[in-house]
Amino acid sequence: MTISIQALLLFTAWTFLLVVVVFAYRGVALLTGTSITSWPRGSKNANDPGFIQRVADAHANSLENLPIFAVLVLAAQAVGKPEVTAGLAMYVVYARLAQSGVHILGVNTPLVLARATFWTIQLVCFGLMFWGLLR
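As a starting point, this report considers the structure included with it. Here the structure is a predicted model, which means the values were calculated and not measured.

### Here we look at the layout of surface pockets
Empty space within the largest pocket amounts to approximately 540 Å³. Along the walls of the largest pocket sit 19 residues, with Val22, Arg26, Arg41, Ser43 and Ala56 positioned nearest its centre. With six residues, the top contributor of residues to the lining of the largest pocket is helix α2 (residues 50-78). Class assignment of the residues belonging to the lining of the largest pocket gives a composition of nine nonpolar, five polar and five charged.

The following block contains the structure:
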């Protein structure tokens, strides 16, 4: 298994872990009397703790970037250029973990700037991977 595939699996595992946290919270809430209709699609339940709302947002952020990362890694494998993603793949994962972690911590100007920095690192890595695949 290449380092890029390992990184893709780690990114996927992290995304999965985030949704499991939200699912577990909602499961406990249901068992303690919260209505199953408390979480309509596209809106937030104001009764959810800020921590859970931020975990859900971090999960959504991960989901938005997972397909891009997956396509780049799998395309590199498919065209016989795994080296294009090998050097950057783990940096994508590290930046994703850091972005999610900062997101879960809270929302204030320094944290939002830190989150944006980690997202920028991922975008730069994606751009370099695209460039490497197109050359």
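### Let's talk about helix α5 (residues 109-134)
The end-to-end C-alpha separation of α5 is 37 Å, in line with the 38 Å expected for 26 residues at 1.5 Å each. Residues of α5 that are buried include every one of Leu111, Arg115, Gln122, Cys125, Phe126, Met129, Gly132 and Leu133, and no others. Against the buried residues of α5 lie α1 (3-31), α2, α3 (83-86) and α4 (89-105). Taking the backbone nitrogen of Leu111 as reference, a side-chain oxygen 3.0 Å away marks Asn108 as the first, capping residue of α5.

Thresholds, definitions, all that
Residues numbered from 1 in each chain as written. Predicted model: local features only at pLDDT ≥ 70, side-chain atom pairs only at ≥ 80, totals over all residues. Heavy atoms only, no water. 1 Å grid on protein atoms, 1.4 Å probe; cavity = no way out; pocket = protein on both sides within 12 Å on 5 of 7 lines; lining within 4 Å. Points joined across faces, edges and corners; volume = space filled by probe spheres on them. Helix = DSSP H or I, 4+ residues; strand = E, 2+ residues; numbered from the N terminus. Nonpolar A, V, L, I, M, F, W, Y, C, P; charged D, E, K, R; others polar. Expected span 1.5 Å × (residues − 1). Buried < 20%, exposed > 50% of the residue type's maximum accessible area, 1.4 Å probe, protein only. Contact = heavy atoms within 4.5 Å. Polar contact = N/O pair within 3.5 Å; in protein donor to acceptor, adjacent residues only side chain to side chain.

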